[in-house]
Amino acid sequence: MTKADIVARIAQQTGVEKAVAMTVVEAFMETVKDSVVAGNEVFLRGFDSFIIKKRAKKVARNISKNTTIVIPAHSVPAFKPAKTFLEAVKEGK
């Protein structure tokens, strides 16, 4: 499902124009992104959480050059589905 599909479905279910639904979806995504970039986690009860995972510093190998490189500690965004969401997916609902 693409963003256009989501917008079309929201417009159909709510009766608003697609342009309005697109604005709402883009505003939602921008708000979530800005919040996570600022170091905050976003919790949508019953659906999911957008969290920040910390990755430790590690040593890796560049196989093509046969050298060792150091990957610094960094943070990555992650999606953590709610328990009810996970159960629904497992049951195929």
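As a reminder, the structure under discussion sits directly above these lines.
Residues numbered from 1 in each chain as written. Predicted model: local features only at pLDDT ≥ 70, side-chain atom pairs only at ≥ 80, totals over all residues. Heavy atoms only, no water.

Outline the side chain of D48, supporting the account with residue identities and numerical values.
Looking at where D48 falls in the secondary structure, it is placed in strand β2 (residues 48-55). There is no salt bridge for the buried D48, and the closest opposite charge comes from R45, which lies 11 Å off by N-O distance. (Helix = DSSP H or I, 4+ residues; strand = E, 2+ residues; numbered from the N terminus. Buried < 20%, exposed > 50% of the residue type's maximum accessible area, 1.4 Å probe, protein only. Lys, Arg positive; Asp, Glu negative; His and termini not counted. Salt bridge = Lys/Arg side-chain N within 4 Å of Asp/Glu carboxyl O.)

Give a description of the packing of helix α1 (residues 3-14) against helix α2 (residues 18-37) that names residues and reports values.
At a closest axis distance of 9 Å, the pairing of α1 and α2 adopts a crossing angle of 125 degrees. Judged by the inter-axis angle, α1 sits oblique to α2. Of the two possible hands of crossing, α1 and α2 adopt the one that is right-handed. Listed contacts from α2 to K3, I6, V7, A8, I10 and A11 of α1 are K18, A21, M22, V25, E26 and M29. Its residues assigned to classes, the contact of α1 with α2 shows nine nonpolar, no polar and three charged. (Axes fitted to C-alpha atoms, helices over the stretch in contact; angles between N-to-C directions. Parallel < 35°, antiparallel > 145°, perpendicular 65-115°, else oblique. Left-handed = near helix turned anticlockwise from the far one by under 90°. Contact = heavy atoms within 4.5 Å. Nonpolar A, V, L, I, M, F, W, Y, C, P; charged D, E, K, R; others polar.)

Outline a nonpolar patch on the surface, listing residues and values.
On the surface, a nonpolar cluster with roughly 280 Å² of combined accessible area is contributed by M1, I6 and I10. Within the secondary structure layout, M1 lies in the segment before α1. Taking relative accessible area as the criterion, M1 reaches 67% and is therefore assigned exposed. (Patch = residues over 30% accessible without salt bridge, like charges linked within 9 Å, V, L, I, M, F, W, Y side chains within 5 Å. Areas by Shrake-Rupley, 256 points an atom, 1.4 Å probe, with all protein chains shown as cover.)

An account of the environment of K33 is needed here, citing residue identities and associated values.
Looking at the secondary structure, you find K33 in helix α2. When its relative accessible area of 45% is taken as the criterion, K33 is described as partly exposed.

Before we move on, can you summarise the pairing of strand β3 (residues 58-62) with the specific residues and values?
As paired strands, β3 and strand β4 (residues 67-71) are joined by five bridges and run antiparallel to one another. Its bridge partner lying in β4, R61 is registered against T68. Two successive antiparallel strands, β3 and β4, enclose a turn made up of four residues, where N66 displays a positive phi of approximately 55 degrees. (Pairing = 2+ DSSP bridges.)

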